[in-house]
Amino acid sequence: MTADVGEACRQELHRLHRAIVDWTTGAVPNTEENFAAFADSFAPDFVIINPEGVAETVGAVVPRFRARHGERAALDFRIRITDEDVRFVRDQLCLIVYQEHWLHGDAAQSVILSSALLQMEASRPGGVAWRHLHETWLKPPA
C-alpha cells in the first residue's frame with residue numbers, strides 16, 4: 001500500500017503540472033472541464049506558501065489561475081519536474097519533495113524547490129488531493 005500511495009502521488013505531481021502547462025499555454029480550450037483538471041485538485045483547506053513566502057488559500061489561488069488561460073501561448077512554455085523524492089507515506093498521506101524547472105524553449109527561466117503534502121482522495125483528478133504546498137526559489141525568474 002505504501003508504494004502504491006507514493007507512486008500515485010508521483011503520478012499526480014506530473015498530472016497537475018501538465019494541466020498547468022496545458023491551461024497557461026492554451027493547449028486545451030477554456031472550458032469548465034479543462035479548468036477542473038486544475039481547480040478540482042485541491043482540498044478545501046489547501047494552502048500554498050509561494051516562493052516569496054506568502055501563504056494563500058485555495059480560494060485565492062484557483063480564481064486567479066482561471067484568468068491565466070493562454071497567457072504563455074507564445075513562450076514555448078514547459079515545466080520539467082526533477083529530483084522527485086517521496087519522503088513520507090502514512091496511511092493515505094504522502095509528502096513529496098521535487099524541483100520545478102520552468103522552461104521557455106530550452107532555457108530554464110526559474111527553478112523552484114517544492115514540498116507537497118498530498119492525500120489519496122478518489123473524487124479528485126488523479127485520485128489525489130493537494131493539501132499543502134511550500135515553494136522556495138532556487139533560481140528566481142530574471
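Just above sits the structure.
Residues numbered from 1 in each chain as written. Predicted model: local features only at pLDDT ≥ 70, side-chain atom pairs only at ≥ 80, totals over all residues. Heavy atoms only, no water.

Can you lay out the packing of aromatic side chains for me, pointing to particular residues and giving the numbers?
Counted according to the given criterion, the structure contains seven aromatic pairs. Taking 6.5 Å as the distance between ring centres and 25 degrees as the angle between the ring planes, the aromatic pair formed by Phe-35 and Phe-65 counts as stacked. Highlighted residues: Phe-35 in helix 2 (residues 32-39) and Phe-65 in helix 3 (residues 58-66), separated in sequence by 30 residues. Here Phe-35 matches Phe-65 in class, with each residue buried. Ring centres of Phe-38 and Phe-42 lie 5.0 Å apart, and the angle between their planes is 65 degrees; on these two criteria the pair is classed as edge-to-face. (Phe/Tyr/Trp six-rings, centres within 6.5 Å; stacked < 30°, edge-to-face > 60°. Helix = DSSP H or I, 4+ residues; strand = E, 2+ residues; numbered from the N terminus. Buried < 20%, exposed > 50% of the residue type's maximum accessible area, 1.4 Å probe, protein only.)

Give a detailed account of unusual backbone geometry, specifying residues and quantitative values.
One non-glycine residue, Asp-76, adopts positive backbone phi at about 50 degrees. Its location among the elements puts Asp-76 in the loop between helix 3 and strand 3 (77-90). Among the residues examined, Asp-76 registers a relative accessible area of 49% and is labelled partly exposed. Even without being a glycine, Asp-83 presents a positive backbone phi close to 55 degrees. Mapped onto the fold, Asp-83 is located in strand 3.

Go over the pattern of salt bridges, please, and point to the residues and values.
Inspection of every chain in the model, using the stated rule, returns ten salt bridges. The partner of Glu-32 in a salt bridge is Arg-66, and the shortest N-O contact between them spans 2.9 Å. Taken together, the residues Glu-32 in helix 2 and Arg-66 in helix 3 connect sequence positions 34 residues apart. Under the relative-accessibility criterion, Arg-66 is labelled partly exposed at 25%. A salt bridge links Glu-121 to Arg-124; its shortest N-O distance comes to 2.9 Å. In this structure Glu-121 comes out as partly exposed when scored by relative accessible area, which is 23%. For Arg-124, a relative accessible area of 18% puts it in the buried group. When salt bridges that share partners are traced, they join Glu-7, Arg-10 and Glu-84 into one network. (Salt bridge = Lys/Arg side-chain N within 4 Å of Asp/Glu carboxyl O.)

Tell me about the sheet that holds strand 5 (residues 107-120), and please be specific about residues and values.
Spatially, six strands are ordered 2-1-6-5-4-3 in an open sheet, and the strand pairing comes out mixed. Each edge of the sheet is formed by a strand with only one pairing partner; in this case those strands are strand 2 (55-57) and strand 3. Neighbour-to-neighbour, the strand axes of the sheet open up by a mean angle of 20 degrees, direction not taken into account. Across four bridges, strand 1 (residues 42-49) lies against strand 6 (residues 128-139) in parallel orientation. (Pairing = 2+ DSSP bridges. Axes fitted to C-alpha atoms, helices over the stretch in contact; angles between N-to-C directions.)

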